[in-house]
Amino acid sequence: MDLIQLRQTYPRPQPLLVLGQQLRKQHSSEHAIWLLQQLEMYWDALRLEAFRQPLHLHFESQALQMGSRWPLAERRARELFKRFPQARLLEIGAGIGGDSLELARTREFRAVEQEDGRRLYLEHNLRVSGFARVEVCGGDGLNQLEGVQLIYADPARRNAKGRQWHDLSPDPLALWGLGLPCCLKLSPGLDESALPTGCDLDYVSHQGVCKEAVAWTPGSGKVRAHLHQPNGDWLVAERRPAPPCIDLLPGMWVHEPDPAAIRAQAWPVEGGRIDESLALLATPPGVVSPWTQAFEVLEIADADRKNLVQLQKKYDFQPLEIKKRGFEVEPEELRKKLPRGRTGGAGVLYLTRVAGRHRALVCRRPAQA
Ligand SMILES: C[S@@+](CC[C@H](N)C(=O)[O-])C[C@H]1O[C@@H](n2cnc3c(N)ncnc32)[C@H](O)[C@@H]1O
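Residues take numbers from 1 onward in each chain, read along the sequence in its written order. Reporting of local features is limited, given that this is a predicted model, to residues whose pLDDT is at least 70; pairs of side-chain atoms are given and counted only at 80 or more, and all residues count toward the totals for whole chains, interfaces and linings. Side-chain numbers here rest on the full set of heavy atoms in the structure, without hydrogens or water.

Colleague: What is the right way to read the overall build of the protein chain from this model?
Modeller: When its secondary structure is counted, the protein chain shows eleven helices and 18 strands. Along the first, second and third principal axes, the C-alpha atoms of the protein chain reach 65 × 60 × 35 Å. The protein chain carries 49 positive and 45 negative side-chain charges, and their two centres are separated by 5 Å. The helix and strand labels rest on DSSP assignments: H or I over at least four residues marks a helix, E over at least two residues marks a strand, and numbering proceeds from the N terminus. When charges are counted, Lys and Arg contribute as positive and Asp and Glu as negative, whereas His and the chain ends are disregarded. Here the site of a charge means NZ on Lys, CZ on Arg, CG on Asp, or CD on Glu.

Colleague: Even after reading the chapter, I still don't get the packing of aromatic side chains, so can you show me in this structure?
Modeller: Only centres within 6.5 Å qualify two rings of Phe, Tyr or Trp (six-membered ring in Trp) as a pair; their planes then separate them into stacked at under 30 degrees, edge-to-face at over 60, and tilted for everything else. Applying the stated criterion across every chain, the model contains four aromatic pairs. Taken together, a centroid distance of 5.2 Å and an interplanar angle of 85° make the contact between Trp165 and Trp176 edge-to-face. Linking Trp165 in the loop between strand S5 (156-157) and strand S6 (168-169) with Trp176 in helix H8 (residues 172-177), this pair joins segments that are eleven residues apart in sequence. Judged by centre distance (5.2 Å) and plane angle (85°), the ring pair of Phe295 and Tyr350 falls under edge-to-face. With a gap of 55 residues between them, Phe295 in strand S15 (residues 292-302) and Tyr350 in strand S17 (residues 347-354) connect regions that are remote in the sequence.

Colleague: How should the site of the ligand be read in this particular structure?
Modeller: Nearness here has a simple test: a residue counts as near a molecule or strand if at least one of its heavy atoms is within 4 Å of that partner. For the ligand, the set of nearby residues contains 22 residues, the closest of which are Asp99, Glu113, Arg118, Asp154 and Ser169. Polar contact criterion, stated in full: a pair of N or O atoms within 3.5 Å, where within protein one must be able to donate a hydrogen and the other to accept it, and residues adjacent in sequence count only if both atoms are side-chain atoms. At a separation of 2.7 Å, an oxygen atom of the ligand approaches a polar backbone atom of Ser68. The protein chains shown are the only cover counted for residues, whose accessible areas, like all others here, come from Shrake-Rupley with a 1.4 Å probe. Against a free-state accessible area of 610 Å², the protein chains account for coverage of 97% of the ligand. Charged residues are taken to be Asp, Glu, Lys and Arg, nonpolar residues to be Ala, Val, Leu, Ile, Met, Phe, Trp, Tyr, Cys and Pro, and polar residues to be all remaining types, Gly included. Considering only residue class, the shell around the ligand consists of six nonpolar, ten polar and six charged.

Colleague: Mind showing me how you'd approach the state of the cysteines here?
Modeller: Working definition: the covalent bond between the sulfur atoms of two cysteines is a disulfide. In this description, a disulfide is simply a cysteine sulfur pair whose atoms lie within 2.5 Å. Taken as a whole and judged by the stated rule, the model has zero disulfides. Just so you know, Cys363 is unpaired, no disulfide at all, and the nearest cysteine sulfur is the one on Cys245, 18 Å from it.

Colleague: Sorry if this is basic, but what is going on with helix H2 (residues 16-26) here?
Modeller: Structural remark: α-helix, 3.6 residues per turn; residues separated by three or four positions point the same way. Between buried and exposed lies partly exposed: a residue is buried under 20% and exposed over 50% of the maximum accessible area for its type, with that area taken using a 1.4 Å probe on protein chains only. Among the residues of H2, Leu19, Gly20 and Leu23 are the ones counted as buried. The buried side chains of H2 occupy one side of the element, clustering within an arc of 100° when seen end-on. Away from its buried face by more than 90 degrees, H2 exposes Leu17, Val18 and Lys25. Buried-residue contacts for H2 involve helix H1 (3-9) and helix H3 (29-48). Directions from the helix axis toward the C-beta atoms define the arc. Here, two residues are considered to be in contact whenever any of their heavy atoms come within 4.5 Å of each other.

Colleague: So what exactly am I meant to see when it comes to the pattern of salt bridges here?
Modeller: It is possible for side chains bearing opposite charge to pair when their charged atoms get close. Between Lys or Arg on one side and Asp or Glu on the other, a salt bridge is scored when a side-chain nitrogen of the former is within 4 Å of a carboxyl oxygen of the latter. Within the structure shown, the criterion is met by 29 salt bridges. Between Glu135 and Arg110 there is a salt bridge, with the nearest N and O atoms lying 3.4 Å from each other. Here Glu135, found in strand S3 (residues 135-137), pairs with Arg110, found in strand S2 (residues 109-112); they are 25 residues apart in sequence, far enough to count as distant. Look at Arg110 and you get buried, because its relative accessible area is 19%. Across the pair Asp302 and Arg359 runs a salt bridge, and its minimum N-O distance is 2.5 Å. Of this pair, Asp302 sits in strand S15 while Arg359 sits in strand S18 (residues 357-364), and the two are 57 residues apart along the sequence. It is possible to trace a salt-bridge network through shared partners that takes in Arg52, Glu74, Arg78, Glu102 and Arg105.

Colleague: Where do I start with unusual backbone geometry in this structure?
Modeller: When glycine is set aside, most residues are seen to have a negative phi, and most peptide bonds are trans. Pro218 follows Thr217 through a cis peptide bond whose omega is -5°. Structurally, Pro218 is set in the loop between strand S9 (209-217) and strand S10 (223-228). Residue Pro319 is bonded to the preceding Gln318 through a cis peptide linkage, with omega at 0°. Mapped onto the fold, Pro319 is located in the loop between helix H10 (305-315) and strand S16 (320-324). The backbone of Gln265 shows a phi angle near 50°, a positive value even though the residue is not glycine. Position of Gln265 relative to the elements: it lies in the loop between helix H9 (259-264) and strand S13 (272-273).

Colleague: Is there a simple way to think about the nonpolar core in this case?
Modeller: One broad rule of soluble globular proteins: the nonpolar side chains tend to lie buried together. The nonpolar core is taken to be a set of buried Ala, Val, Leu, Ile, Met, Phe, Trp, Tyr and Cys residues, with the residues joined through side-chain atoms within 4.5 Å. Counting 45 residues, the largest nonpolar core has Phe51, Phe59, Leu64, Leu80 and Leu126 as its most contacted members. When residues of this core are assigned to their parent elements, the largest contribution, nine residues, is made by H3. Shared between two domains, this core holds at least three residues of each, these being domain 1 (3-48) and domain 2 (69-228). Setting aside residues no more than four positions away along its own chain, Phe59 makes contact with Arg7, Gln38, Met41, Tyr42, Ala45, Phe51, Pro54, Leu64, Ile96 and Tyr121. Boundaries between domains were set according to an automatic or database domain assignment.

Colleague: Explain the sheet that holds S17 to me, please; I cannot follow it from the model alone.
Modeller: Pairing between sheet strands relies on hydrogen bonds along the backbone, with the strands arranged either parallel or antiparallel. Spatially, S13-S14-S12-S15-S18-S17-S16 is the arrangement adopted by the seven strands of the open sheet, whose pairing is mixed. Edge positions in the sheet fall to S13 and S16, since each has one partner strand and no second. Both S17 and S18 contribute to a ladder of seven bridges, which runs antiparallel. Following the sheet pairing, Leu351 is matched in S18 by Ala360. Between N-to-C directions, angles span 0 to 180 degrees; the directions come from axes that are lines fitted to C-alpha atoms, helices contributing only their stretch in contact. Seen against the sheet, H10 touches S15, S16, S17 and S18 and runs at an angle of roughly 110° to S15. For two strands to be treated as a pair, DSSP must find at least two bridges joining them.

Pasting the structure below:
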């Protein structure tokens, strides 16, 4: 059985022991191990949405973990084309092609990858995806700038703890220093004050997680949140001043914005903040938005342990969801101290701050209400 047949036969995770024994009857033990690793990484790629069509691709574990999710890579490639349709593009540090495969759908360009093993997989992946015309080079991309008019890079972290630009490779400062138009995929935890003046910044979320911050130079200083929809569309919300704090009352809905909207300070529903240090918004009941998870507030109460026990006795939630924002508590530890509910249906104990005070919000998710 070759790799493609193996992936087609086992499209979902399986125990590998028996499969490994079968493969070793047909292949050398080294090749059988490679096949199993490629099969496992294929399952990961599908789960992570790491590549649009991963069936024929070759993966390398670290490069796969670092790789872009394809809907995000697609959005970026399209935006790059929209902003700079004609410019000669160089991708510095292409890995195994998470971005290259989407860039290749929009334009011709050159991709550089300094690690030889990865570069071979990159070439393979481009070829089997029908993009053999992408020029792939080895070595340091920063030394291959002749004729280049536009740069894309998704720098890798040199060391797991590093939080500075120079801990990234290629180094964003070196790239911005070239003075060429540039799109860099960076960590959403970046320090915005260290970005070039006037760049545009996109915070992008996927599967409920803010996955990346994309910096565009030159730009006009816009900061936006991008939210991937299940149907493939993107929603965009722009940074705006924080809305004022308002009084939270039972019956109102509290909204927890998507993480990209929080990072972008996009305040994606019309409402007031419940606390000036938090990104939680309160609205009248019935406000629904794809940008937020909403909670109908049934009661606002003291959040000491004794009172939490009383609240759970009163509402008898089962299942009970415990959430926290701006509140030091270990939800699973707290759960052990609360009575187990039976008949109250699903409910949420939201431990947070309201107008500077620690409070417990007894809530239901509106669909459960
Ligand atoms: C985060 S990975 C890129 C992942 C890729 N965007 C994807 O989605 O699959 C960064 C890659 O840049 C390569 N790299 C780092 N500095 C480089 C340089 N100066 N020239 C060429 N490649 C470089 C690393 O070897 C690594 O494979």
